[in-house]
Amino acid sequence: MLDKIFLYMQYPFVRYALIVGVLIALCSSLLGVTLVLKRFSFIGDGLSHVAFGAMAIATVLNLSNNMLIIMPVTIICAVLLLRTGQNTKIKGDAAIAMISVAALAFGYLIMNVFSTSANVSGDVCSTLFGSTSILTLSKVEVYLCIILSVAVVFIFVLFYNRIFAVTFDENFSRAVGTNADGYNLLVAVVIAIIIVLAMNLVGSLLISALVIFPALSAMRIFKSFKSVTVFSAVFSVTCALLGMMISILMGTPVGSTIVAVDVAAFAICALVGAVAK
Amino acid sequence: MKTLKRGLLILSVASLLLTGCGNGSDVSKRTKNSTKSVEDVLNEGMNSSDEAVKVESPSSVNEIVKDDTQDEIVLTAADLYEEDPVEEELPVATPAPGVDVDLTVLSSTMVYSEVYNIVSLPEEYIGKVIKMEGIASTYIDEETGAIYYACIIQDATACCAQGIEYILSEDETLPYPEDGEIVTVIGVFDTYQEGEYTYCTLKDAKLVA
Amino acid sequence: MPLIKAVDLSLGYDSHTIVENLYFSVEAGEYLCIVGENGSGKSTLLKTLLGLNSPVGGSIEFFEGLTNKEIGYLPQQTLVQRDFPATVAEIVLSGNQARHRRFFYSQEDRELAGSNMKKMGIYDLKDRCYRELSGGQQQRVLLARALCATGRVLVLDEPVSGLDPKVTMQMYDLILNLNKEGITIIMISHDVNAAIKYADHILHIGDSIFFGTKDEYLKSKEGSIFVSDSLDR
């Protein structure tokens, strides 16, 4: 077992995958509590489908770097979804469902009809379920992921107190002069970045799991916002590492293995939480 | 047959032939471009029947080889290489030293990822000896009549597939395997240009039983 | 000299007006109760006062250097807060976001939060989880947070809704004590009897509008109907 791990570690793409995977897991866990409590988890899910649609367009345009299209499109949709959430002509969740399925359908359609890639099924499969995408990142993508993850962590730490205040009580924050809309916008942009990053790790259909499970598990056991946040981060990183190791050693798909580990760990946390009560 | 050896990276053949999920656009492009004449179709038929005939004897040859070298499969490979002047100095033993990239000892996720990396960054692998196990697949270019042989590797979900084309060495006594057969191939990685695309190939390849 | 003055204020959403011709003023140290039926525009008035809504017409003016950012606010509880993982100390500390634009809280912020928790009698609960507290305790936490944001004016939105009678009484006493310490109180309430008992001024909004002292209100048309109504219930 150990010598096998040692052997795999010699492959540069395995080392990159572990580094990038850990960073992505870390930043996707940070905003989990905010997303869950503000009923934003569906926005995350919807955005992941949008990211898939953007990815399809990028693939068809044959760009050397997909993120140039995926990132702005996802961020714009995040901002739009957030706005429709507040100004409800079409109810927020309906708008999200609409955008997400439309993006998914058009994404797949575009890929099938116009794709110049030789491996459509591979692209779709890897993008949706992240079977191996984390192991097949290009150098540029690796650096981009590292830079963006570090930026997300930095932003989160810097705005930690404000994000807490706005998440806990938006009206109070607004009343005492905090720019709650600005912070909501910030959260939306950061979520969009996290989703585009996480698409590499677990694929766009499984992103929500990466965002929600750490937060929900931590909330079973811990009581303060700080401890929940710290535990979420540790939980997420541990599960991602474990999941990646299992999938590399056993040959299972990366994304679903990580999520399976997340689910198992959630069950343990739920049990611990129940016993502690 | 051997005169038809040309290089091709067959990605889409794999997804089309082996998994049926998705759309092999590379293949369809080639088919669209070629105008199929009756002759071509006949040739195709000839080719496939040729193939079918050939397979019967090979399978027995295969068995014989297996029986002979049951305990020393690797030695067989080494012998084969020793006969090859280019690869003379390569020592071969488990887990196949002399092989720079041994895909047969990796898990399926790793195999797929490594092949993906080979295909996306081929220049870094040129000249390296690669050993891979996969499903044999042939593809006939209907325009030129050229036949390409590839070793296809699927990812863990068996949904996405990557393949590398191989050209058997002149000294290889075994014939090209039949479609769908599991084969282990050792060859020297190289790329070549055909039209606007760059293709990857394993040249001077040996089949390992 | 009033602290807050509303002149010909019209309230509503978008272009839809709920209340018109609203005049009232609040002086420092006063205790104003806003009463009225559901849907009469009490909450909208509150939001306008806090600067969350802009008025449809007219204006609210602030004097003596007060701005609407310096008003401490005790909102109604939201669904989000019901399962929010946060300790009492974390929540009270977040009231300090009003005091400066820095990203991290200082020692001074922590001391202020501590003293406000002591004032509200929740200091020993400071490491407890908010969602595990009783309704009355939760209100004290939010009140302590509001006190971190202001030392001058507190706006309370139905502070006793959902509390049992004993805790309701304690809550009213707590608010009255704050008022005696010099903090101006503006409170929305369903409970007209409490309004009459504690407040010195009443603003009644609804079909007709009344603004004046408690005694004037009791003699007025709106007051007599509304008070007898709620006594009957």
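Residues numbered from 1 in each chain as written. Chains lettered and ligands numbered in written order. Predicted model: local features only at pLDDT ≥ 70, side-chain atom pairs only at ≥ 80, totals over all residues.

So, on to the overall build of chain A. The secondary structure content of chain A amounts to 14 helices and 0 strands. For chain A, the succession of helices and strands along the chain, N to C, is α-α-α-α-α-α-α-α-α-α-α-α-α-α. Taken over C-alpha atoms, the radius of gyration comes to 19 Å for chain A, in line with the 19 Å a tight globule of 277 residues would show. In terms of principal-axis extent, the alpha carbons of chain A reach across some 55 × 45 × 30 Å. A buried classification covers 58% of the 277 residues belonging to chain A. The long-range fraction of contacts in chain A, counting pairs at least 24 apart against all pairs at least 6 apart in sequence, stands at 74%. (Helix = DSSP H or I, 4+ residues; strand = E, 2+ residues; numbered from the N terminus. Rg over C-alpha atoms; globule rule 2.2 N^0.38 Å. Buried ≥ 20, exposed ≤ 12 C-beta atoms within 10 Å, placed from the backbone. Contact = placed C-beta atoms within 7 Å.)

Before going further, it helps to examine the overall build of chain C. In terms of helices and strands, chain C carries 9 helices and 9 strands. A globule of 233 residues ought to have a C-alpha radius of gyration of about 17 Å, and chain C, at 18 Å, matches this closely. Projecting the C-alpha coordinates of chain C onto the three principal axes gives extents of approximately 50 × 40 × 35 Å. Across the 233 residues of chain C, 41% fall into the buried class. In chain C, the share of contacts with a sequence separation of at least 24, taken over all contacts with a separation of at least 6, comes to 67%.

Right, let's talk about the sheet that holds strand E1 (residues 2-13) of chain C for a bit. Residues and elements named next belong to chain C. Overall, antiparallel pairing links the 3 strands, which are arranged E2-E1-E4 in an open sheet. Two strands in the sheet have a free side with no partner beyond their single neighbour: strand E2 (16-27) and strand E4 (57-62). Averaged over all pairs of adjacent strands, the angle between strand axes in this sheet comes to 15 degrees, irrespective of strand direction. The pairing of E1 with E2 spans 8 bridges and is antiparallel. The partner of Leu 11 across the bridge, within E2, is Val 19. Those strands touched by helix H1 (residues 42-49) are E1, E2 and E4, and its axis lies near 125 degrees from that of E1. (Pairing = 2+ DSSP bridges. Axes fitted to C-alpha atoms, helices over the stretch in contact; angles between N-to-C directions.)

Contact residues are listed per partner, giving 26 residues for chain A and 23 residues for chain C. Classifying every residue of the side of chain A that touches chain C by side-chain character gives 14 nonpolar, 6 polar and 6 charged. (Nonpolar A, V, L, I, M, F, W, Y, C, P; charged D, E, K, R; others polar.)

Residue and element names in this part refer to chain A. In this structure, Ala 192 sits in helix H11 (residues 180-202). For the pair Ala 192 and Thr 132, spaced 60 residues apart in the sequence, the C-alpha separation amounts to 22 Å. With residues up to four places along the chain from it excluded, the contact list for Ala 192 reads Leu 47, Thr 74, Ile 75 and Ala 78.

Here we come to the sheet that holds strand E6 (residues 153-157) of chain C. All names here are of chain C. Taken together, the 6 strands give an open sheet; going across it, the order is E5-E6-E7-E3-E8-E9, and neighbouring strands pair in mixed fashion. If you trace the sheet from one side to the other, it starts and ends with strand E5 (71-74) and strand E9 (210-213), each paired once. Averaged over all neighbouring strand pairs, the angle between strand axes comes to 15 degrees, with direction disregarded. With 4 bridges joining them, strand E3 (residues 31-35) and strand E7 (residues 184-188) adopt parallel strand pairing. Within the sheet, the bridge partner assigned to Cys 33 lies in E7 and is Met 187. Here H1 sits on the sheet and contacts E3, E6 and E7; the angle it forms with E6, its principal contact strand, is near 150 degrees. Running at roughly 150 degrees to E7, helix H6 (residues 165-180) makes contact with E3, E6 and E7 of the sheet.

For the rest of this paragraph, the subject is the packing of helix H5 (residues 135-149) of chain C against H6 of chain C. Residues and elements named next belong to chain C. Orientation of H5 relative to H6, taken along the N-to-C sense of each, is 20 degrees, at an axis distance of 10 Å. Relative to H6, the element H5 is oriented roughly parallel. Of the two elements, H5 crosses H6, and the hand of that crossing is right-handed. Within the contact between the two elements, H5 uses Gly 135, Gly 136 and Gln 139 and H6 uses Val 167, Gln 170 and Met 171. Here the residues of the contact of H5 with H6 are counted per class, giving 2 nonpolar, 4 polar and no charged. (Parallel < 35°, antiparallel > 145°, perpendicular 65-115°, else oblique. Left-handed = near helix turned anticlockwise from the far one by under 90°.)

Glancing now at the pairing of E3 of chain C. Successive residues of a regular strand alternate their side chains across the two faces of the sheet. Residue and element names in this part refer to chain C. The element E3 is largely enclosed, with a buried count of 5 among its 5 residues. Alternating residues of E3 divide into Tyr 31, Cys 33 and Val 35 and Leu 32 and Ile 34, and every residue in both groups is buried. In this structure, E3 lies alongside strand E8 (residues 201-204), joined through 4 bridges in parallel fashion. Across the sheet, Val 35 pairs through a bridge with His 204, a residue of E8.

For the rest of this paragraph, the subject is unusual backbone geometry. In the Ramachandran plot, Asp 204 of chain B falls in the positive-phi region, its phi being about 50 degrees despite a non-glycine side chain. For Asp 204 of chain B, a count of 21 C-beta atoms within 10 Å corresponds to the buried category. Although it is not a glycine, Asp 8 of chain C adopts a positive phi angle of roughly 45 degrees. Relative to the helices and strands, Asp 8 of chain C resides in strand E1. Look at Asp 8 of chain C and you get exposed, because 12 C-beta atoms sit within 10 Å.

Once that is clear, we can look at helix H5 (residues 108-120) of chain B. All names here are of chain B. With 13 residues, H5 extends 18 Å from end C-alpha to end C-alpha; this agrees with the ideal 18 Å at 1.5 Å per step. With 11 of 13 residues buried, H5 is to be regarded as a mostly interior element. When H5 is considered as a whole, its buried residues turn out to be Thr 109, Met 110, Val 111, Tyr 112, Ser 113, Glu 114, Val 115, Tyr 116, Asn 117, Ile 118 and Val 119. (Expected span 1.5 Å × (residues − 1).)

Here we come to H11 of chain A. The end-to-end C-alpha separation of H11 of chain A is 31 Å, in line with the 33 Å expected for 23 residues at 1.5 Å each. With 18 of 23 residues buried, H11 of chain A lies mostly within the body of the structure.

Right, let's talk about the confidence of the model for chain A for a bit. Keep in mind that low pLDDT regions are not for reading the predicted coordinates in detail. Per-residue confidence for chain A gives a mean pLDDT of 85, with 92% of residues at or over 70. Mean pLDDT values over the elements of chain A span from 69, in helix H7 (residues 120-129) of chain A, up to 93, in helix H13 (residues 225-250) of chain A. (pLDDT = per-residue confidence, 0-100.)

Turning our attention to the pairing of strand E2 (residues 129-140) of chain B. Residues and elements named next belong to chain B. Counting buried residues in E2 gives 9 out of 12 residues, a clear majority hidden from the surface. In this structure, strand E1 (residues 101-102) lies alongside E2, joined through 2 bridges in parallel fashion. From the neighbouring strand, Val 101 faces E2, where its bridge partner is Ile 130. Remark: the E1/H5/E2 crossover connection has right-handed handedness. In terms of strand pairing, E2 meets strand E5 (residues 182-194) through 7 bridges, oriented antiparallel. (Right-handed = clockwise from strand over helix to strand, strands pointing away.)

Residue and element names in this part refer to chain C. Confidence in the prediction for chain C averages 85 pLDDT; 96% of positions are at 70 or higher. The least confident element of chain C is helix H9 (residues 221-232), whose mean pLDDT is 65; the most confident is helix H3 (residues 88-93), at 93. As scored by the predictor, the complex reaches a pTM of 0.76 and an ipTM of 0.86.

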